[in-house]
Amino acid sequence: MRAVLIWTLDLALIANGAFMLLAPETWYGLIPSVADTGPFNPHFVRDIGSAYLVAGAGLLWFCVDKRARPAAVAGAAFLSLHALVHLWDVVAGRESLLHFLEDVPLVVVPGLLIFKLARPGSRFSKEDAHAQMADAAADRRLRESL
């Protein structure tokens, strides 16, 4: 179940980022409540799309190589800060609570899930731990031979 959740979330982040980059005006019109944040700005939509694509790629990398945890944590940092910006807009009176609640599934939940999955305290399986030790030993041997 956990692997399905990770891959689903990862693919959704990548798809969303790619959609924002390739069809920013269509994305702007299809996502609920986005138009409430201001007029369409294709450059801004593509900027945020780039961040979503990188966050998704970081998680994808982490799924196939646990040593990529920093990439997943960086993606989680973007998603978490993005969620905090939305929350701050509510606190500052720039957005309504209803607007924030509409953003929760698309903005807040992904950040929380990725942060949970990529946090440094997560346990590795024995196989992952052995692979990391073998890689570290190979890296040491390589450095020593230089």
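Provided above is the structure to which this section pertains.
Cut-offs and rules
- Residues numbered from 1 in each chain as written.
- Predicted model: local features only at pLDDT ≥ 70, side-chain atom pairs only at ≥ 80, totals over all residues.
- Heavy atoms only, no water.
- Helix = DSSP H or I, 4+ residues; strand = E, 2+ residues; numbered from the N terminus.
- Buried < 20%, exposed > 50% of the residue type's maximum accessible area, 1.4 Å probe, protein only.
- Contact = heavy atoms within 4.5 Å.
- Areas by Shrake-Rupley, 256 points an atom, 1.4 Å probe, with all protein chains shown as cover.
- Salt bridge = Lys/Arg side-chain N within 4 Å of Asp/Glu carboxyl O.
- Patch = residues over 30% accessible without salt bridge, like charges linked within 9 Å, V, L, I, M, F, W, Y side chains within 5 Å.
- Core = buried A, V, L, I, M, F, W, Y, C linked by side-chain atoms within 4.5 Å.
- Phe/Tyr/Trp six-rings, centres within 6.5 Å; stacked < 30°, edge-to-face > 60°.
- Lys NZ or Arg CZ within 6 Å of the ring centre and 35° of its normal.

1. Points about the overall build of the chain
Part 1: Helix and strand counts for the chain come out as six helices and zero strands.
Part 2: Its helices and strands taken in sequence order, the chain reads α-α-α-α-α-α from the N to the C terminus.
Part 3: For the chain, buried positions account for 31% of its 146 residues.
Part 4: Considering only contacts within the chain whose residues lie at least 6 apart along the sequence, 67% involve residues at least 24 apart.
Part 5: A total accessible area of about 9300 Å² is found for the chain, and carbon and sulfur atoms account for 69% of it.

2. So, the pattern of salt bridges
Part 1: Scanning the model with the defined rule gives two salt bridges in all.
Part 2: Where Arg67 meets Asp65, a salt bridge forms, and the shortest distance between an N and an O atom there is 3.0 Å.
Part 3: Close ionic contact of Asp89 with Arg94 constitutes a salt bridge, the shortest N to O distance being 3.0 Å.

3. Observations concerning a nonpolar patch on the surface
Part 1: Nonpolar side chains collect at one region of the surface, where Trp7, Leu11, Leu60, Trp61 and Val64 lie side by side and expose about 510 Å² of accessible area between them.
Part 2: Looking at the nonpolar patch, the elements with two or more residues in it are helix H1 (2–22) and helix H3 (42–64).
Part 3: Here the nonpolar patch takes three residues from H3, the largest share from any one element.
Part 4: As for its position among the elements, Trp61 is in helix H3.

4. Topic: the environment of Leu53
Part 1: Relative to the helices and strands, Leu53 is located in helix H3.
Part 2: Under the relative-accessibility criterion, Leu53 is labelled partly exposed at 29%.
Part 3: Sequence separation between Leu53 and Gly75 is 22 residues, and the spatial gap between their C-alpha atoms is 9.2 Å.
Part 4: The contact partners of Leu53, leaving out residues within four places of it in the chain, are Leu13, Ile14, Gly17, Ala18 and Leu21.

5. Describing the nonpolar core
Part 1: Counting 23 residues, the largest nonpolar core has Leu13, Trp27, Tyr52, Leu59, Leu79 and Ile114 as its most contacted members.
Part 2: Considering every element that reaches this core, the biggest residue donor is H3, with six residues.
Part 3: In contact with Ile114, other than residues within four places in its own chain, are Leu9, Leu13, Leu59, Ala72, Ala76 and Leu79.

6. Considering the packing of aromatic side chains
Part 1: Per the counting criterion, the structure on display carries two aromatic pairs.
Part 2: When the centroid spacing of 5.4 Å and the interplanar angle of 85° are considered together, the rings of Tyr52 and Phe78 count as edge-to-face. With a gap of 26 residues between them, Tyr52 in helix H3 and Phe78 in helix H4 (residues 69–91) connect regions that are remote in the sequence.
Part 3: One Lys or Arg, Lys66, reaches over the ring of Phe62 and ends 4.8 Å from the middle of that ring.

Geometry only, nothing functional implied.
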